[in-house]
Amino acid sequence: MIIGIPRSRSVDEFRVGLPPRAVATLTGRGCEVVVERNAGSGSGFTDEQFEAAGARILHSLEEIYGRADLVVKVNQPGPMEYPLIREGQVIMSVMHLAVADPRLVDILLERSCTAIDFVTIQDDEGNLPVLRPLSQIAGRMVPQIASRFLQTNHGGMGILLGGAPAVPPAEVVVIGAGTVGRNAVRACIGAGARVTLLDSDFDRISDIDWTFPGRVTTFVANEATLRKALSYADVVVGAVLIPGVRTPHLVTKEMVGLLRDKSLIIDISVDQGGCFETSRPTRVSDPTYVVDGITHFCVPNLPSLVARSATYALANAILPFVSEVATEPLAAVLKADRTLARGVNVCGGQVTHPGLAMARGCAAVPVDEASGGIPS
């Protein structure tokens, strides 16, 4: 396969699908890689670095899609890319197809593409090996975001996250004890904040309590405990994920009203629909809005704020999967690698992921069955 790496057209997206060091690994394994001009500029990678890694630089998006059998991106294809997607093409990216533009899913189905969503690649234990590093980065960014938007000049309460002698720190409430939540807890404790964590999984709560003894207040998540935590929070972090499925609105607009004026909501779940009823996606260059006096920070591509680090983190996770797809017959790869197969959302004109099937109101076809018609 020829691997194509286009420049992102998403608003305020600075990452690139693969950095030069990953491209060098692929070309060293005999893969042909084509990169769109200036694709890596937002992450600090030059065209010369990609060429030194063995890639060819192409000058347009049309050339990338026209030549590539496998397209590797950070985000899902945008509207300008829809006409360029070719019959039978393989696309690997963070897609969130369950909440994506239905036209994109229709095109992927009509053109018998194989759409592999990095977010739904899942191992036998339920771990998400590609989403994990991005979630780690997003969680660890919480203190710097909270610190900024608690500042008076950004419309915040004027609270110092870590407090000061004889001045209490901010109260941070984290909803969800997955990878984002755990990293947010760790980072906020490190910044000196007081932290409360809520989750429905008692084992996860116990793990946090054991890891940070006496330093985190924990609750089993339900409406009563959510209301209690919201009543004293300065910052609330939404870190809820159900892989491949729209995130439920755990906090209603009425419950948001329990927060004090100028409190801050950071909804990291917004890329899957958000866990606050009042959430809607924003962008890096215009990240917040106010609802009933509460500041909302709802940037779906949060790791793009640290584009270089995030590009390396993503590449470390996806490189083995990209290499498999590029060097072996696709049907055989999907049959042998069940972790990768769980990331396939669309294949051979069929919906193969249960979450996407639920969103579209259809039945999911097993990947083995759908991929049976893929040419070797």
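Residues numbered from 1 in each chain as written. Predicted model: local features only at pLDDT ≥ 70, side-chain atom pairs only at ≥ 80, totals over all residues. Heavy atoms only, no water.

Draft legend 1. Here's a closer look at the overall build of the protein chain. Across its full length, the protein chain holds 15 helices and 15 strands. Relative to the globule expectation of 21 Å for 376 residues, the C-alpha radius of gyration of the protein chain, 21 Å, shows essentially globular dimensions. When contacts within the protein chain are restricted to residue pairs at least 6 apart in sequence, those whose partners lie at least 24 apart make up 63%. Summing over all exposed atoms, the protein chain offers an accessible surface of approximately 15400 Å²; the carbon and sulfur share of this is 50%. (Helix = DSSP H or I, 4+ residues; strand = E, 2+ residues; numbered from the N terminus. Rg over C-alpha atoms; globule rule 2.2 N^0.38 Å. Contact = heavy atoms within 4.5 Å. Areas by Shrake-Rupley, 256 points an atom, 1.4 Å probe, with all protein chains shown as cover.)

Draft legend 2. Here's a closer look at the environment of Val90. Tracing the backbone through its elements, the reader meets Val90 in strand β5 (residues 90–94). Under the relative-accessibility criterion, Val90 is labelled buried at 2%. Separated by 14 residues in the primary sequence, Val90 and Leu104 have C-alpha atoms spaced 14 Å apart. Residues in contact with Val90, not counting those within four places in the same chain, are Met1, Asp69, Leu70, Val71, Thr114, Ile116, Val325 and Leu330. (Buried < 20%, exposed > 50% of the residue type's maximum accessible area, 1.4 Å probe, protein only.)

Draft legend 3. Representation of the packing of aromatic side chains within the structure. One pass over the structure, following the stated rule, counts two aromatic pairs. An angle of 80° between the planes, with centres 5.4 Å apart, marks the rings of Phe45 and Tyr312 as edge-to-face. Residue Phe45 is located in the loop between β2 (32–36) and α2 (47–52), and its partner Tyr312 is located in helix α11 (residues 307–327); the two are separated by 267 residues in the primary sequence. For the pair formed by Phe45 and Tyr312, the shared burial category is buried. Geometrically, the ring pair formed by Phe149 and Phe297 is tilted, given 5.7 Å between the ring centres and 50° between the ring planes. Separated by 148 residues along the polypeptide, Phe149 in helix α6 (residues 142–149) and Phe297 in strand β13 (residues 294–297) bring together distant segments of the chain. (Phe/Tyr/Trp six-rings, centres within 6.5 Å; stacked < 30°, edge-to-face > 60°.)

Draft legend 4. A look at the nonpolar core. In terms of nonpolar packing, the biggest core is built from 50 residues, with Ile3, Leu18, Leu70, Met92, Phe118 and Leu340 touching the most fellow members. When residues no more than four places from it in sequence are discounted, the contact partners of Phe118 are Val72, Lys73, Met92, Ser93, Val94, Val130, Leu131, Leu314 and Ile318. By size, the runner-up hydrophobic cluster in this structure holds 36 residues, among which are Met141, Val180, Val195 and Ala239. (Core = buried A, V, L, I, M, F, W, Y, C linked by side-chain atoms within 4.5 Å.)

Draft legend 5. Fine view of the pattern of salt bridges. Enumeration according to the criterion identifies twelve salt bridges in this entry. A salt bridge links Arg103 to Asp101; its shortest N-O distance comes to 2.8 Å. Accessibility expressed as a relative area gives 23% for Asp101, which makes it partly exposed. One salt-bridge network, in which partners are shared between bridges, spans Glu223, Arg227 and Glu254. (Salt bridge = Lys/Arg side-chain N within 4 Å of Asp/Glu carboxyl O.)

Draft legend 6. Seen up close, the packing of helix α1 (residues 20–28) against α11. The geometry of α1 relative to α11 is characterised by a closest axis approach of 10 Å and an angle of 15° between their N-to-C directions. The angle between the axes of α1 and α11 places the two elements in the roughly parallel class. Considering the relative orientation of α1 and α11, their crossing is right-handed. Across from Arg21, Ala22, Thr25 and Leu26 in α1, the residues of α11 making contact are Tyr312, Ala315, Leu319, Val322 and Ser323. Its residues assigned to classes, the contact of α1 with α11 comprises six nonpolar, two polar and one charged. (Axes fitted to C-alpha atoms, helices over the stretch in contact; angles between N-to-C directions. Parallel < 35°, antiparallel > 145°, perpendicular 65-115°, else oblique. Left-handed = near helix turned anticlockwise from the far one by under 90°. Nonpolar A, V, L, I, M, F, W, Y, C, P; charged D, E, K, R; others polar.)

Draft legend 7. The sheet that holds strand β14 (residues 344–347), seen in detail. Spatially, β3-β2-β1-β4-β5-β6-β14-β15 is the arrangement adopted by the eight strands of the open sheet, whose pairing is mixed. Looking along the sheet, the strands with just one partner apiece sit at the ends: β3 (56–58) and β15 (350–351). As defined by bridge partners, strand β4 (residues 70–75) adjoins β5 across four bridges and the pair is classed as parallel. Within β5, the position partnered with Leu70 by the bridge is Val90. (Pairing = 2+ DSSP bridges.)

Draft legend 8. Here's a closer look at the pairing of strand β1 (residues 2–5). Two strands pair when backbone bridges link them, and β1 and β2 are joined in this way by four bridges, in the parallel orientation. Directly across from Ile3, in β2, lies its bridge partner Val33. Handedness of the crossover joining β1 and β2 through α1: right-handed. Note: β1 against β4, two bridges, orientation parallel. By the bridge assignment for β4, Gly4 is matched with Val71. (Right-handed = clockwise from strand over helix to strand, strands pointing away.)

So yeah, pure geometry; function would need other evidence.
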